[in-house]
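# What the coordinates show
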Amino acid sequence: MKIYTNDDIRPGVIAGQKIAIIGYGSQGRAHAQNLKDSGHDVIVGVRAGGKGWKNAQADGLATAEPADAVKDADIIAILTPDMAQAEVYKTQIEPYAKQGSALLFAHGFSIIYGRVTPREDMDVILVAPKGPGDLVRREYQKGAGVPSLFAVEKDVTGKARDRAMGYAKGNGGATGGLLETTFREETETDLFGEQAVLCGGAKELVMGGFNTLVEAGYQPEIAYFECLHELKLIVDLFYEGGITKMNEFISETAKWGSVKSGPRVINDETLARMKQILTEIQDGTFAREWIAENDAGKPNYDALVAEDNAQKIEVVGASLRERMAWLHAPKSAAA
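Presented here is a report on the structure given in the accompanying data block. Quick caveat: nothing in here was measured; it's all calculated off a predicted structure.

### Some details on the nonpolar core
Formed by 32 residues in total, the largest nonpolar core has its most connected members in I22, I76, I93, L103, F105 and F183. Among the elements that make up this core, the one with the highest residue count is helix α4 (residues 82-93) (four residues). What I93 contacts, discounting residues up to four positions off in sequence, is I22, V70, I76, I78, V88, L103 and R119. Among the nonpolar cores identified, the runner-up in size contains 31 residues, and I9, V46, I125 and A160 belong to it.

### Describing unusual backbone geometry
Despite not being glycine, K298 has its phi angle at roughly 65°, a positive value. On the secondary structure map, K298 appears in the loop between α15 (285-295) and α16 (299-309).

### Structural notes on the environment of I111
The residue I111 is located in helix α5 (residues 109-112) in this model. For I111, a relative accessible area of 13% puts it in the buried group. When the C-alpha atoms of I111 and I250 are compared, they prove to be 44 Å apart, with 139 residues separating the residues in sequence. When near neighbours in sequence (up to four residues on either side) are disregarded, I111 contacts F105, V116, P118, V124, E153 and F183.

### What to know about the pattern of salt bridges
A side chain of one charge can pair with a side chain of the opposite charge if their charged atoms are brought near each other. Summed over the entire model, instances satisfying the criterion amount to 19 salt bridges. Across the salt bridge formed by R29 and D59, the nearest N and O atoms sit 2.7 Å from each other. Highlighted residues: R29 in helix α1 (residues 26-37) and D59 in the loop between α2 (51-58) and β4 (62-64), separated in sequence by 30 residues. When its relative accessible area of 32% is taken as the criterion, R29 is described as partly exposed. The residue R163 makes a salt bridge to D123 at a minimum N-O spacing of 2.9 Å. Of this pair, R163 sits in helix α7 (residues 160-170) while D123 sits in strand β7 (residues 123-129), and the two are 40 residues apart along the sequence. Residues joined by salt bridges that share partners form a network here, namely K203, E204 and D308.

Scoring rules and cut-offs
Residues numbered from 1 in each chain as written. Predicted model: local features only at pLDDT ≥ 70, side-chain atom pairs only at ≥ 80, totals over all residues. Heavy atoms only, no water. Core = buried A, V, L, I, M, F, W, Y, C linked by side-chain atoms within 4.5 Å. Buried < 20%, exposed > 50% of the residue type's maximum accessible area, 1.4 Å probe, protein only. Helix = DSSP H or I, 4+ residues; strand = E, 2+ residues; numbered from the N terminus. Contact = heavy atoms within 4.5 Å. Salt bridge = Lys/Arg side-chain N within 4 Å of Asp/Glu carboxyl O.

What follows is the structure, given as structure tokens:
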């Protein structure tokens, strides 16, 4: 796979194009500030007087109600939560966006699952940094960048790919490394990673290990350190140098336990369940269930999240983390 850098993107490819950032949460804030600092004409579309409006103005950015922000925009980045995008597009963007503008997403959920049907005259593109907004901003400020994905779903104007790559460059993505994908690939792999590994899988593995030790009579504080706290040390090794680096830095006993016992935890049954999760993402089952849950007011969502937050590992962890001074140290101004 080719990894694009700043040298692969024509200078000034989106020069003179106005960019409307709709939403000013974690990603919206980072994108807006980075693009502005890269010399682009940026306006933030947020509700007048709201938290996003106040934050954007405090950050020195022009603000307007979303419907007004998109009127003259050449690129409209929808960076609101997935479940809000259909309503935002239908009421604030579709009636007001100018002809031939590009609709840009940081995640393909709304397009792949039919939540948003863009007007026929609009380009549809994606730029997805592979990191949270605060990291996207911090790395940009260092002169670096977070690797990003980009995709073109629809090219009406003949400028869609240039628009996506130019936007990514302005956001620091081409400095970090830019990879081309499709809306479907980005959406399905992102959802799978969240559910099976990064959030769902990792959380259940940690809680399962903690509960196994506590139920066997071990002190919960010790179980917390072994099953949650030290996980960061291993993940950092993965992040820096993959499995090879982990194997370089852990003991021989840990390596032997890893290769002997790891496959007993993540076994054929586990992999079959992962494949089922992927199938439900691919055939739309997950999206339909999540949309229905959201439309119903999220009663199951709220109950399940509250149940997670009330787990014993959370009570024990909160107490232990109070004594970890490094977690409470003030962040630097650059952060």
